[in-house]
Amino acid sequence: MGTSHTFRIKGEKPAGLTIHRDEQGTPHIHSDEFAGCMWGVGYCHGIDRTTQLLMMRILGKGRLCELLDDSPESLEIDTFFRRANWHNNLDQQVALLDEATRALCQTYCDGVNAGLTAKKIYALKLLGYKAEPWTIGDIILLSRMAGYLTLSQSQAEVERFFVELVQADVDLDKLAELFPFNKETLDVSNIKSIILGERIVASDVLWNKTMPRMMASNNWVVAGKKTKSGAAIMANDPHLEVNRLPNVWYEQAITWGNTGLEAGGYMLGMGMPGLPGVIVGRNKDVAWGATYTFMDTVDSWIEDCKEGSFRRGQSWQKFTPRQEIIKRKNNPDSNVTFYENMHGVLDGNPNTAGKYLATKWSLEQSGAQSLMASMKMGHVKECSQAMEHLGAVESAWSWVMADTKDNIAFQMSGLMPKRVAHWNGFTPAPGWDETYDWQGMVDFHELPKSLNPKEGYIVTANNDLNHLAQVSPINMPMGDYRAKRIEQVLSEHDQHSIESTKIQHLDVYSGQAKLFLEVLLPLLKKNNIESTMLTTLTQWDLKYEVDSKGAVLFEQFYEALRLQVFGNAGLGEDVVKHLTEQTGIFIDFYRNFDQAMLNEKSSWYQEQSREQAFISAFKKLVPSGNTSWGEKNSVVFTNMLFQGKLPSFLGFDSKPIPLRGGRATPHQGQIYQSAGRQTSFAPSIRLIAQMDQGHLYTSLAGGPSDNRFSRWYTSGLQQWIDGKYKSLQP
């Protein structure tokens, strides 16, 4: 097993349960039965990730002001989660669990509670909070938070941003190049009539205290005919905010029974504290990885309101008011009323006549189906079985799978609303017209999928995958730069291996930079513009290595061009700077803006030509001297609770760490300001499985523990920085 440290379990434990840590502190959990392993997983989560577990639950229930920090910002965050209302219908989902899954989840909760009891001292306890028992309802709450606070909210944010742009009279021809709507059928007068409420809390404030955003990820599978060994390979590297400690993932090796017998088995990979099982990883026969799929699961309707009612056809119906009392430690309790109908929660007060938005998320009542599916992954034997289980997961993911029989597969999951044929859900619909109501959810068997394609490989990287189904769940995908680069490398030969996959994980080549420089460099030559900066860009290999000078200059040019095109032609410079510096709009959807900037006939070039814009942006560059990409693109990993507020000598935070890669490279390395602090997006973990081997290659940006004084606080971080892997054995 390659372990070196015994994990001492306090109190009663399941039969045959043992836990050891390997050299990096990763727990290896063994029990006579699978249920005993789930107890062990819970115990480890309770011991190693106490603060992360409890913080997530406090936030999800909107109890931050009550239990920890009674500040105006905390009240905003509590109000956001109370509006979301994920905490009020948990028992209904628990009741939907089958007997076997309910028993496993309860066993996991028993393990968590044993761990919390054994953990005598933890940060939140020092702040006056005593942990309440962990429940199955808490598992479901965290599963909803993971589904929404990763990328579902990004869809909601960009849809609201579109409404704001229409109300600001930005030209529809220009908007049609950036967003998926039909300008011929768009009812502009209705959108302009909407009274937008104040944002309860800016999206980026949430990330200061909750889960890192799952902004972008890569995963791919390669069939044996394309590998050196003749066995299939699965690779995954979820990209999220890496510069917080602990890493959101929790690495674990789980074995049960006698692994040499049919009754035994194992699971290796990454879980998430608060949830049982392995989210991405492998068992004896199948490996699986996930990326977010940018499915539109959030819709809004325009509600015509008066006297506490909303219009439906020619009649009026009453909203259902929901009272929420937010308890506060140091101030009077805050009483908040939300108004709900079949379209979700209203952004406004219907007692004041006007038109407001009501917004609904398809996963507001979810959890049971996902848990029942995930608990079966330890026992699947081949890809076709895995597709059935992973496809049933309610949150929106692109799953890739490989098995020991040399099958490879892709299956999308998620609750896609059934909408009227001419509405894709991006623009708000008239709430008074019942034809725009959701008609249930699309069966996951109808979602994009693929089994053993002739190419011998499958790649997903948050790109448009609608062509793999008759339905179109994605209307705002990320760009396809990363996917195209990975596909290019996979198509070049049929000798792919563990080592070549590691190289692909670290690939920092930018197809985006190639496209822009193919326009810029000839223009500079044509206009006889010469400079040392031009020489640097001409000689640049298009790779965002930490020692690259070209990457620094290209980023300067790209940001100057974006400001030049969109700031001067409709959005305004202040808006573009805000979107760049303080939001995820350009982080998520940069490809939409790229297409407009690269299109010589774009409506955004009415006031200036593309040639003028490119040359003007280049002339604004400032020589960067010997500044390297690593010097410009470095970040401090900070403790999630104290958020960089403690002196550096205490060791809660890391020294500055340079990030290789950029926004459009397979190894992504983005850094930007958010709610007054630095945040990042890079591979949080790297996973590789070759299916003729029984182990998993892993690299984690952090360690198992959230305790700064533990030897396991950052035990895997240097290996991750160096691009090295460990072999996680069963």
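The rules behind these values
- Residues numbered from 1 in each chain as written.
- Predicted model: local features only at pLDDT ≥ 70, side-chain atom pairs only at ≥ 80, totals over all residues.
- Heavy atoms only, no water.
- Helix = DSSP H or I, 4+ residues; strand = E, 2+ residues; numbered from the N terminus.
- Rg over C-alpha atoms; globule rule 2.2 N^0.38 Å.
- Buried < 20%, exposed > 50% of the residue type's maximum accessible area, 1.4 Å probe, protein only.
- Contact = heavy atoms within 4.5 Å.
- Areas by Shrake-Rupley, 256 points an atom, 1.4 Å probe, with all protein chains shown as cover.
- Lys, Arg positive; Asp, Glu negative; His and termini not counted.
- Charge placed at Lys NZ, Arg CZ, Asp CG, Glu CD.
- Patch = residues over 30% accessible without salt bridge, like charges linked within 9 Å, V, L, I, M, F, W, Y side chains within 5 Å.
- Salt bridge = Lys/Arg side-chain N within 4 Å of Asp/Glu carboxyl O.
- pLDDT = per-residue confidence, 0-100.
- Phe/Tyr/Trp six-rings, centres within 6.5 Å; stacked < 30°, edge-to-face > 60°.
- Lys NZ or Arg CZ within 6 Å of the ring centre and 35° of its normal.

Enquirer: Tell me about the overall build of the protein, and please be specific about residues and values.
Expert: Tallying secondary structure elements over the protein gives 23 helices and 30 strands in all. Taken over the C-alpha trace, the protein has a radius of gyration of 25 Å; the compact-globule value for 730 residues is 27 Å, and the two agree within 12%. By its C-alpha atoms, the protein is 75 × 65 × 55 Å across when sized along the principal axes. The buried share of the protein, reckoned over its 730 residues, is 65%. Contacts in the protein between residues at least 24 apart in sequence constitute 70% of all its contacts with a sequence separation of at least 6. About 26,800 Å² of surface is accessible on the protein, with carbon and sulfur atoms providing 49% of the total. Each charge class in the protein was averaged separately, 73 positive and 82 negative side chains, and the resulting centres sit 4 Å apart.

Enquirer: Explain helix α14 (residues 481–491) to me, using residue names and the numbers behind them.
Expert: Those residues of α14 that sit buried are Y481, R482, A483, R485, I486, V489 and L490. Those residues of α14 that are buried lie in contact with β4 (216–222), β5 (233–240), β22 (457–460), α15 (498–505), α16 (511–526) and α20 (585–598).

Enquirer: Before we move on, could you go through a positive patch on the surface and cite the residues and values that matter?
Expert: Together, R8, K10, K120, K125 and K130 make up a positively charged patch on the protein surface. Following the sequence through the fold, K10 ends up in the loop between β1 (3–6) and β2 (18–22). Taking relative accessible area as the criterion, K10 reaches 40% and is therefore assigned partly exposed.

Enquirer: Requested: an account of the confidence of the model for the protein, with residues and values cited.
Expert: Atom-level detail of predicted coordinates should not be read off regions where pLDDT is low. Per-residue confidence for the protein gives a mean pLDDT of 91; residues scoring 70 or more make up 94%. Residue range residues 200–212 is modelled with pLDDT below 50. Its contacts to residues more than four positions away, or to other chains, number 60 contacts.

Enquirer: Could you give an account of the environment of K655, naming the residues involved and the relevant values?
Expert: Among the secondary structure elements, K655 is positioned in the loop between β24 (638–639) and β25 (657–658). C-alpha separation for the pair K655 and M441, spaced 214 residues apart in sequence, amounts to 47 Å. Residues contacting K655, with those up to four places away along its chain left out, are V635 and V636.

Enquirer: Account for the side chain of S398, naming residues and giving values.
Expert: On the secondary structure map, S398 appears in strand β18 (residues 397–403). Discounting residues that sit within four places of it in the chain, S398 has contacts with N219, G289, A290, T291, T293, F410, Q411, M412, T460 and L465.

Enquirer: Which residues make up the packing of aromatic side chains, and what values go with them?
Expert: For the structure on display, the rule yields 32 aromatic pairs. The lysine or arginine in question, K174, covers the ring of W604, its NZ or CZ lying 5.4 Å from the ring centre. The ring of W432 is capped by R311, whose NZ or CZ atom sits 4.7 Å from the centre of that ring.

Enquirer: How would you summarise unusual backbone geometry if you had to cite specific residues and measurements?
Expert: Of note, the bond from L245 into P246 is cis; its omega dihedral lies within 30 degrees of zero at 5°. Along the chain, the position of P246 falls in the loop between β6 (244–245) and β7 (250–256). We note that N452 has phi near 50°; this positive angle belongs to a residue other than glycine. Topologically, N452 is positioned in the loop between β21 (449–451) and β22. The exposure class of N452 is partly exposed, given its relative accessible area of 36%. We note that N528 has phi near 55°; this positive angle belongs to a residue other than glycine. Examined against the element boundaries, N528 turns out to sit in the loop between α16 and α17 (532–539).

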